[in-house]
Amino acid sequence: MEHDNSWEKASSVFNNFPGIFFTVDSNLCFTYLNINAISLFDAREKDLIGVKIDKVLNIETSVCTISRIKETLTKGVSQTFQTFFLNEVKWFEVRVFPITEGVGVFFRDITKGKKIGIVLEDNHKKSKFLESSSNHYISSEAPRKLLIDLFDNLSEYLDLEIYFNYMFDEETGRLHLSNYKGIPKYVASELECLEIGDEVCGEVAKKREKIVKEDIQNSSDESLNNLKGLGIQCYACYPLIAYGQLVGTLSFGSRKNKNFSLEELDLLKSISYQVAIANERIKTAQILKEKNRELEDTNRQLKTHRNFASKVFDITPDPQVIISLNNGNIVDINSAFLETVGLNHEDIIGKRIEDLNFWIDNKRYFELLQKVIDNGEVRNEEIIFKTSSGDLHTALYTAVKGSLKGEEIILGIYNDITDRKSYEEKMSRMQRLNVLGEIAAGIGHEIRNPLSVIRGNLQLLSMKEEMSSHGERLKLMMSELDRTITIIADFLSLGKKQESNKRKKSINSIITDLESLIRYDAFISDKQVEIQLADIPEILIDENEIRQLILNLARNGLEAMDKDGTLMITTNYYNKEIIVEVKDEGKGIPLDILDKIGTPFFTTKEKGTGLGVMVCKNIALRHNAEIDIDTSDEGTSFKVKFKVDENNLSKNKRK
């Protein structure tokens, strides 16, 4: 498109040139004709393009002209010669010169009698000037160099010594001297800025019309005093107007000649027009280049920001997912989300979040999604999601609506607070234990001793014959007293200031000591017990407390099973932990009450105290251990995990 515009400008020069100009290709077919050439050959341009030159020129003219054109095509050199058009009865000076894709040909009428020699010389210079300057119009991107070269060529051709090029500043509304030649620098500095309407150039800018001043040295016009002082004889100033807008002015002066010929003025007018267009094109190109540079800088910054945002998105430890509001499909996820769901990137992109079974409650998901759509965001909504291992985690869900690459999206962030919730629950449990411990420490001993006395007396009474009729009642009373004493004993075990009696011992040996008692409990209830003890290290433990913990868990497991059920007790050493597992084959613990197991006085057994599991958890806590519960309809497993510091293990102490 730029080439087409440039050729259009050059074509305008050639059409304004009073001579005949056309171009032919290597096959001697017309490729361009100016207006005068079309008129000479008396045909329309579209009828001449592509036609061979010998079909148009008469025989006398074509023989000489075509041979010269062929010679120029072959040798690539310019030629000037004269030819006669018989049908026009005119002599023409012909200049043939090579161009990119063929030959350019100028015809100049040299018929005028006495001046024929001068005209021949002038036209030769002019054709050379137009040939070189037209190339400048098409290719130049440096306005200052364009004008310097242009003026050098004009000076040669028209005997010009001075030129001024003023450019119009839209912000200040003034003319500023952009280029000049033929005057000292100090003079140029005085003429650097002109108001619109001042001097000849300012007047031209105001009227947007050319002004020509001749025989200046003999003029009485005071507005020409500055030009007189520079020794200028004749002066022509033209407005530079491009696309209807004032660009500036271009003026030429001669110290040798008092007047301009009409031909010279026409040429200066054409040159000024082309300079205006060229300057505007160059200015536009520079603005576009600057805008392109700014756009490139902006794009680089955006790319940097996007890359940074992408890195932050990916390395954030909280699972994050971006979904499209258009179809609900997943657009992107970060590494933490991939790790959580245990899938590959390509297995997730394009799917919907509900297809991943990530949310436990999809209804809750859709409610929050609608809330984001309506309000633009939700913050810190507590939800439950499932990991790739099947574990249930609690998270604070935050989501915001936005756009990504022109598409509306929702960014969801899952802040996993499972550990925090667990810690809070542990702290709450410890606080409850402390309260119970204080109660137990305060009243436990005071109540148990009198009850023991009452229980002993009831047993003595039951042995007397006269009390035989009250035997069942006495038996019931002693049973309830035993139950009360057991509760008090559990209370005492919850005391927070119990003395520690920890010794290095193997848990396997404690299980072995309890084996006969546990098997007896199983035998009388028609159940079985299997014990598998692995090689485990000795650790610091309170033997009596660990004995109570294992016995409580074993009896709970036996009570949870029907007849013929099997209780499995195992020990293992894995990942710096001793794991004691007591697993039954009962019906499992309902999920809706699983979190309540270990809460004081909460029990599912008819005669339970609701303190057994809590006592176990308290013992585990004092041994820096944790109890994990895994339940299903096939049974329940209690795993007690004791942390082991391997640096403190004694040699050969694994049993």
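What you see is a predicted model; the values in this text were computed from it and never measured. (Residues numbered from 1 in each chain as written. Predicted model: local features only at pLDDT ≥ 70, side-chain atom pairs only at ≥ 80, totals over all residues. Heavy atoms only, no water.)

J.: Residue-level account of the environment of E472, with values.
T.: Along the chain, E472 turns up in helix 15 (residues 471-493). Considered as a pair, E472 and S462 are ten residues apart in the sequence and their alpha carbons are 9.0 Å apart. (Helix = DSSP H or I, 4+ residues; strand = E, 2+ residues; numbered from the N terminus.)

J.: Just give me the short version of the sheet that holds strand 7 (residues 174-181), but keep the residues and values in it.
T.: Taking strand neighbours across the sheet as the criterion, the six strands line up as 8-7-6-11-10-9 in an open arrangement whose pairing is antiparallel. The open sheet has two edge strands with one neighbour each: strand 8 (193-195) and strand 9 (211-213). For this sheet, the mean inter-axis angle between neighbouring strands, taken without regard to orientation, is 25°. As judged from the nine bridges shared by strand 10 (residues 234-242) and strand 11 (residues 245-254), these two strands associate in the antiparallel manner. The residue of strand 11 that forms the bridge with A242 is Q245. Each of strand 6 (162-169), strand 7, strand 8, strand 9, strand 10 and strand 11 is contacted by helix 8 (residues 199-207), which is oriented at about 35° to strand 10, the strand it contacts most. (Pairing = 2+ DSSP bridges. Axes fitted to C-alpha atoms, helices over the stretch in contact; angles between N-to-C directions. Contact = heavy atoms within 4.5 Å.)

J.: Quick rundown of the environment of T249? Include the residues and the values.
T.: Mapped onto the elements of the fold, T249 is located in strand 11. Sequence spacing of T249 and Y166 is 83 residues, and the spatial spacing of their C-alpha atoms is 5.1 Å. Sequence-distant contacts of T249, defined by excluding residues within four places in its chain, comprise F164, N165, Y166, L175, C201, V204, A205, C237, Y238, P239 and L240.

J.: Help me get a handle on the pattern of salt bridges, residues and values and all.
T.: Following the criterion strictly, the structure yields 16 salt bridges and no others. A salt bridge links D526 to K563, with the nearest nitrogen and oxygen atoms 3.7 Å apart. Taken as a pair, D526 in the loop between helix 16 (507-524) and strand 18 (528-533) and K563 in the loop between helix 17 (543-560) and strand 20 (566-574) lie far apart in primary sequence, 37 residues in all. A salt bridge links E543 to R547; its shortest N-O distance comes to 3.8 Å. Of this pair, E543 and R547 both sit in helix 17, four residues apart, which is roughly one turn of the helix. (Salt bridge = Lys/Arg side-chain N within 4 Å of Asp/Glu carboxyl O.)

J.: Please provide a residue-by-residue account of helix 8, values included.
T.: Listing the buried residues of helix 8 in full gives V200, C201, G202, V204 and A205. Of the residues one or two after helix 8, R208 is the one with positive phi, at around 55°. (Buried < 20%, exposed > 50% of the residue type's maximum accessible area, 1.4 Å probe, protein only.)

J.: Could you give an account of the sheet that holds strand 18, with specific residues and numbers?
T.: Taken together, five strands build an open sheet; the order of strands is 18-20-21-23-22 and the sheet is mixed. Two strands close off the open sheet at either side, each with one partner strand: strand 18 and strand 22 (625-632). Ignoring which end each strand starts from, the neighbouring axes of this sheet average 15° apart. In the sheet, strand 22 pairs with strand 23 (residues 635-643) via eight bridges, with the strands oriented antiparallel. Along strand 23, the bridge assignment pairs D628 with K639.

J.: Please set out a nonpolar patch on the surface residue by residue, giving values where relevant.
T.: Taken together, I360, I384 and L392 make up a surface patch of nonpolar side chains, about 280 Å² in accessible area. On the secondary structure map, L392 appears in strand 15 (residues 392-404). With relative accessibility at 53%, the residue L392 sits in the exposed group. (Patch = residues over 30% accessible without salt bridge, like charges linked within 9 Å, V, L, I, M, F, W, Y side chains within 5 Å. Areas by Shrake-Rupley, 256 points an atom, 1.4 Å probe, with all protein chains shown as cover.)

J.: Can you break down the nonpolar core residue by residue, with the values?
T.: With 34 residues, the main nonpolar core has I507, L567, I578 and F642 as its most contacted residues. Of all the elements in the fold, those that place two or more residues in this core are helix 16, strand 19 (539-542), helix 17, strand 20, strand 21 (577-583), helix 19 (612-622), strand 22 and strand 23. No other element matches helix 17, which puts seven residues into this core. The contact partners of I507, leaving out residues within four places of it in the chain, are I536, I539, I541, I546, I550, I578, V580 and F642. (Core = buried A, V, L, I, M, F, W, Y, C linked by side-chain atoms within 4.5 Å.)

J.: So what's going on with unusual backbone geometry? Residues and values would help.
T.: Apart from glycine, the bulk of residues carry a negative phi angle, and the bulk of peptide bonds sit in the trans form. With a phi angle near 55°, E199 is a residue other than glycine that sits in the positive phi range. Taking the relative accessible area as the measure of exposure, E199 reaches 38% and is therefore partly exposed. Although it is not a glycine, N624 adopts a positive phi angle of roughly 55°. As for its position among the elements, N624 is in the loop between helix 19 and strand 22. Classification of N624 by relative accessible area gives exposed; the value is 51%.

J.: Before we move on, could you go through helix 17 and cite the residues and values that matter?
T.: The first and last C-alpha atoms of helix 17 sit 26 Å apart over 18 residues, in line with the 26 Å expected at 1.5 Å per residue. Where helix 17 is concerned, the buried positions are E545, I546, L549, I550, L551, N552, L553, A554, G557 and L558. Between the side-chain oxygen of the N-cap and the backbone nitrogen of N544 there are 3.2 Å, and the N-cap of helix 17 in question is D542. (Expected span 1.5 Å × (residues − 1). Polar contact = N/O pair within 3.5 Å; in protein donor to acceptor, adjacent residues only side chain to side chain.)

J.: Explain the pairing of strand 4 (residues 90-99) residue by residue, including any values.
T.: Each regular strand shows side chains that alternate between the opposite faces of the sheet. The sheet contact formed by strand 4 and strand 5 (residues 102-109) spans eight bridges and is antiparallel. What sits directly across from F97, in strand 5, is G104. In textbook terms, the turn of a hairpin is the stretch between consecutive antiparallel strands, and for strand 4 and strand 5 this stretch comprises two residues.

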